[in-house]
Structure formats: C-alpha cells, structure tokens
Amino acid sequence: MSRPHLPYHPLTRTGRVLWCMALAAFSAVLMLFWSSAHADDSEALRAESPYFAVNSSEPGTDRLPLKSTEVDVKIAGVIADVRVTQHYRNEGQRPIEARYVFPGSTQAAVYAMTVKLGDRVLTARIKEKEAARIEYQAAKREGKTTALLEQRRPNVFEMNVANILPGDDVAVELRYTELLRPTDAQYGFVFPTVVGPRYNSPNAAASNGGAIGGAYLKQGVASNTTLTLRVTLDTPLAVKAIASPSHEVMVDGLGTTRAAVSLKPGDTPANNRDFILNYRLAGERIESGLVLYRGEDDGSENFFLAMVEPPKAVAPREINPRDYIFVVDISGSMHGYPLETAKVLLRNLIGSLRASDTFNVMLFSGSSRMLAPASVPATRANIEQAIRTINEMGGGGSTEIVPALKRVAALPKAEEVSRSVIFVTDGYVSVEAEVFRLIRQNLNQFNVFSFGIGTSVNRHLIEGMARAGQGEAFIVTKPDQAAAQAERLRRIIEAPVLTQVKASFEGLEAYDVEPLQLPDVLGGRPVVVFGKWRGAWGGQFVIEGRAADGPYRQVLTAQQDGKGPSALRQLWARQRIASLSDQEALEGGSSQKAAITELGLTYSLLTQYTSFIAVDQRVRNTNPAQTQAVDQPSPLPEGVSNLAIGAEVPSTPEPGAMAALLVVIGVVVAGVWPSRRRRKE
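Residues numbered from 1 in each chain as written. Predicted model: local features only at pLDDT ≥ 70, side-chain atom pairs only at ≥ 80, totals over all residues. Heavy atoms only, no water.

Draft legend 1. Expanded view of the pairing of strand β8 (residues 144-153). The element β8 is extensively covered by neighbouring structure, given that nine of its ten residues are classed as buried. When β8 meets strand β9 (residues 156-164), the two strands line up antiparallel, connected through seven bridges. Opposite L149, over in β9, you have M159 as the bridge partner. Hairpin connection from β8 to β9: two residues lie between these consecutive antiparallel strands. (Buried < 20%, exposed > 50% of the residue type's maximum accessible area, 1.4 Å probe, protein only. Helix = DSSP H or I, 4+ residues; strand = E, 2+ residues; numbered from the N terminus. Pairing = 2+ DSSP bridges.)

Below is the structure:
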C-alpha cells in the first residue's frame, strides 16, 4: 500500500531568512544550556588571565632589567642549602622599578635576603607583610633604592626593586633550605625556573591569595636572562649514579662521597623548565636516621629530624573492589605536548586495570563531561572505548578545576568500593586553597593521586592535592616517563606498606612534633618526623605500624658524634607553617594568620603573611615620581603554547559547544536535504 501524498509548500526568501535567524537563536540557546555539564558551565564566567609582554617604544626605558640568575646548591645528607643571586641592571636612561614573578621549591624555607648595590651590602629584615609593603612604598617615594620580597604562593614569589638608576647593578641574594625526600631509594633535587601561566578563575575566592599575573614572552621567544647553576653533594655513602632528565650537565666526583654538578653550556634555553637532578647512593637503601640539633644558648630550642625507610610492599591476598575516576585537564595550557604526554599516561593507567575493577573518565576545561553516566567494568571493550575517547582529545578552553572536583565528589559510590581519583593536569590555576578544601571535605569518599604533566608544572597544586587526599604526587616531564609512573601508581594502590603508623621517643622528651598525625605509608617513601626536644642528649626514636605481613617496629638511635645542622630550625618551622596553612585552607578566611605570622617573624621565614624588606637609607633618585615601573617578562615553559594565555589559535571547542554545533549541523542537513532531493526529482 502506497503512503498518502502530502502537499509541500517551499519557504519564500523571507521565510528562509526567518528560519536561519531562528536556527541561530536555537544554536545559541543550545550552546548555553544544552550540555552534559550544564551545571558546571553556569559557573564559567569570564576569567582574568596573564598576558604577553608588550614591547614599549618609549625611548630610554630598560624593559628587561633582570640580566642573570646564579644558583649555588650545597646538599649535605638530605638537606639542601640554596643561594640564588639575581642581577638587575638598568641599561636605560631613566630610573626604573623592576617587578618580577619567579618560582621556588614547594618545600623551600626562605630564611634570608641581602641586596648588594655597588660596594654596599643591605641585609633585609623579616616583617609583617603589610608593614613591609608600607615601608617599601615610603622608601620608593623618597627616592631610596629598596627591595621587597613577597610570597604569592608557597612556590611563587614576587620581587620588587625600586629606584634602580641608569647604570646601576643591583644583586639580590636569597637563601633557602629544604628537605630532600627520597622515593624508591632515589634522591632528587628540583629548582624551578619559570612560573607557568595560571588560569585565574573569576570564581576564585579572596582566600586563594589573589590572581597570579605576569607578562610572558610568546611561544618560542627566548628570554635574555641567563641561568647558571652548580650543585655540590656531601653524602654519607658514595654517589653511585647521578643524572638530570631535564638539562645537560657536567658531573665530577661520581663514585665518591663528594660530587659536583653544573649546567653544560648549550644553544637551548635553560630557564624555561624545571631543573631536575636525581641521584642514588651506594647501598640502594634510603638512609634512615635520627638527627638532633641543640640550640646555641641555654634557653634556646632544640630540634630533631627522624627519617625511617618503610618496609617493602607485599601484595595482599585479598583486595577490596576498586573504582578509579580519571580526571583529565584538556584546557588550553595542555594543548600539544602536555596533552600528548597525558594520553600516553592514561593509556598505560587504564590499560593495566584488572577485570574486577570499575572506572570512569572525566574530561574538563571550562566544562566537564564523563565517559559514562556511571563507572563501567574494566572490560577490554570499555578500556578500548576509553582509549579511543582519550585519543580524540584536543586542548582548548579555560581550567575550571573546582566545578570538575565538585562533580567528582557528587558521583555515587557503593560503601564497599574503594575509590581512587587520579587527576592529570599541569596545575596552571590559582585556586589551590579551594581545591585542597574540597578534597579534605570529601576524604571519606576517595583518595587522590595527582599527576603533574609538563616541564614546569604547578607543584604546589600537584603535591597539595595528594597531601590533602592522602595519596601521592607524580611528575611526568616526558612521554617516555609515563609507563614507569603508571606502574609506580599501580604498585602503590595495590598495597599500602604501612598503616596505623605511630611514632614515640624513649629517653628523650619530644614536643611540637610534625606532622601531628602520621598518614599511611605508601610504597617507596620514608616516614619523616620533625620536632623539638628537651633534656639530655641521646634517646631513641621508635616507629610502629602494621605492614602487609604483620606488625612492624623500627628503632633509631640518636647520633652521638656531633650536632645536627642548624637548618632543622627553619625546616621544622616550615613544616609547622605548612600544617597551619592546610588548616586555614580547610577553615577558610585567615584563621591561622596570627600563628603563621608569629612563626615567620620568630624563625625569620618568608610566609604568606611575612615579607623581606631591604632599604638603602641614602636618597639616590631626586625625582622618584618619574620612575617607570617595568614588569620583567618570563618565557613560556617548554612545550606550552600561546594558547595557555588565551591566544586565538585553533582548538577543540568546549564539550557543550561541540555537542550544540553537531546538533545544528544535523538540523541544517535535515532541512536542506529534502529540498535538494525534490529539486532533483
């Protein structure tokens, strides 16, 4: 039976115009509202972003006053003492104020700053942040050369140097110390050279410390600033192996207890990625020990440091059901090399899941989408579907990590399932405190393991997420490291090596111990405890817990042959400040401001509430009002494209926009095709 013929009335020209206008309005509504992540998109407001450096045509002003950075590192045992000297020289014809944002180690305890101006040496003082800022502005207005060092994040600092006269060479020297925490018996030292461009979300609360802005050179443009670096190692055992995966280096003294490393001169820039140095000691074990430091005077405080190598992991006989949520950053800063590295990592992670596991994948930038509405079994078909989805990823859009984290926290989970959330990102955001708070508030729902992808990732975010989520942090700088890091995560998740960990002392009165509560110990990392002590020299440190094969107990005896390093003072204070900062992030506001400020002033440490200020009391600039402020631009990190700071380059649209676009194309094709068909008929 033939179908009845329906009369067809083609649209007039006016009708077709109205149809196109209606279609355009429909597509706009779709792009705004029809998205699998509509709730997240609603929070994606216009963001403040850093920008490219703009070359000024103003004659007589030196726009690039930072000429060189010299780094001298002395490592004794597991403690590094670092001296960083930055030379600013005004080669213009007008007085300038130089402003420069630069990175530091996440574990750095910055304890001293001096300024050299010709033959004059100015020792900086530690002050409450606002008081230091007022003193700096007053000295600047009076025409005095002055320098101010502030902390923007635990690993991001800002230097301001005012009244640099034409021909001046100002050398600013920073001193900091940090503890090197070994992993799998390998020791590592990292010196970051550049701050990655941060996405400053408009939703960021004031408690996040404000935006991290700064001028950047365009992709492929090298900085005119030189970097020289030298590391010396004094170790209890001979250095068995030493290498840098980030830079070409020259090594002296390999096989001895004193080795030296320096950068090899080359044609490629050295200051657009983290400097990473890895080394192993003879014996293939982490050096455990209890180190005591006695204060110089009778009333001084005494400090200790204990480091204990955990037992080897033993595979458990029974493993509870496990669920994995992979959260992948596909924003603009991940475009290109970082995202390609992330794909390699994910293929290794997902490809190694067991059949009894379940998993899901979230892709996020300005919005987010899931591979499936709920976790799916790790069957071969689902794994291949996930890998196909990952292979189709492209980088583009903003980095709304907080809405993505909220969506993960809202995912339903059965009580008997152990869930791990694996974040893959470069961490180029400025909402660290809010991220840490969200993770802590959902600790009973999941553990967090964070992978930092790139040559200069935001280690403050990557390490902080893992610490807040009682997980582990991983840094992948090259695609060929992805397989090894994925395997390391698998070993860690399968078998925590020490649980119910407790530390105690015998024959020594210990107090102000950090951390207050010891977390479970994951594979390959030592237990590290700081604190103060009273009483007679000596005593024992006892670490107890439950290993996979039964109760565990290890005893360390204090070294009796000499004093430990005075750096234990700063390292203990740095650890306590980090704990208070974590607590403040959880509570919101500035609840720990007074305690952190007191620690900074007492131990002469740079914190979020204390700054270093140095002032030359001579008036050198007779017309300070005419001083030109200059923002020293930074190079983009190696492998990061112009897209990271909002450049207009082709990219993958947001998931919601892509879905709407596909629907519109489908409607157009459906509308046009019958008309063309009938004309042919």
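Draft legend 2. Quick look at empty space enclosed by the protein. Applying the stated criterion to the full structure yields three cavities of 30 Å³ or more. Together, 27 residues line the largest cavity, and T69, Q86, F102, P103 and F191 are the ones closest to its centre. The leading source of residues in the lining of the largest cavity is strand β4 (residues 96-103), at four residues. In the lining of the largest cavity, the residues fall into 17 nonpolar, ten polar and no charged. Here the second largest cavity defines a volume of roughly 80 Å³. Here the residues of the lining of the second largest cavity are counted per class, giving six nonpolar, five polar and three charged. (1 Å grid on protein atoms, 1.4 Å probe; cavity = no way out; pocket = protein on both sides within 12 Å on 5 of 7 lines; lining within 4 Å. Points joined across faces, edges and corners; volume = space filled by probe spheres on them. Nonpolar A, V, L, I, M, F, W, Y, C, P; charged D, E, K, R; others polar.)

Draft legend 3. Structural context of unusual backbone geometry. Cis peptide bonds are those with omega within 30 degrees of zero, and the linkage from E514 to P515 qualifies with -5 degrees. As for its placement among the helices and strands, P515 is situated in the loop between β28 (509-514) and β29 (527-534). The phi torsion at Q470 lies on the positive side, around 50 degrees, for a residue other than glycine. Phi at D512 is positive, roughly 50 degrees, even though this residue is not glycine. Take D512: its relative accessible area is 30%, and that puts it in the partly exposed class.

Draft legend 4. Structural detail: the pattern of salt bridges. On inspection of all chains with the given rule, the structure shows 33 salt bridges. Residue R419 is joined to D323 by a salt bridge in which the shortest nitrogen-to-oxygen separation is 2.8 Å. Linking R419 in strand β24 (residues 418-425) with D323 in strand β20 (residues 322-329), this pair joins segments that are 96 residues apart in sequence. Judged by relative accessible area, which is 6%, R419 ranks as buried. Assessed through its relative accessible area of 1%, D323 is described here as buried. A salt bridge links R440 to D582; the nearest nitrogen and oxygen atoms lie 3.3 Å apart. In this pair, R440 sits in helix α7 (residues 432-441) while D582 sits in helix α10 (residues 567-587), placing the two residues 142 residues apart along the sequence. When its relative accessible area of 14% is taken as the criterion, D582 is described as buried. Through salt bridges that share partners, D184, E472, R488 and R525 make up one connected network. (Salt bridge = Lys/Arg side-chain N within 4 Å of Asp/Glu carboxyl O.)

Draft legend 5. Representation of the packing of aromatic side chains. On inspection of all chains with the given rule, the structure shows eleven aromatic pairs. Between the aromatic rings of F451 and F474, the centroid separation amounts to 4.5 Å while the plane-to-plane angle is 10 degrees, which identifies the pairing as stacked. A residue pair is termed long-range when its members are at least 10 positions apart, and F451 in strand β25 (residues 447-453) and F474 in strand β26 (residues 473-476) qualify at 23 residues. Here F451 falls in the buried class, since its relative accessible area comes to 0%. Taken together, the ring pairs in this structure connect Y100, F102 and F157 into an aromatic cluster. One Lys or Arg, R534, reaches over the ring of Y511 and ends 3.8 Å from the middle of that ring. (Phe/Tyr/Trp six-rings, centres within 6.5 Å; stacked < 30°, edge-to-face > 60°. Lys NZ or Arg CZ within 6 Å of the ring centre and 35° of its normal.)

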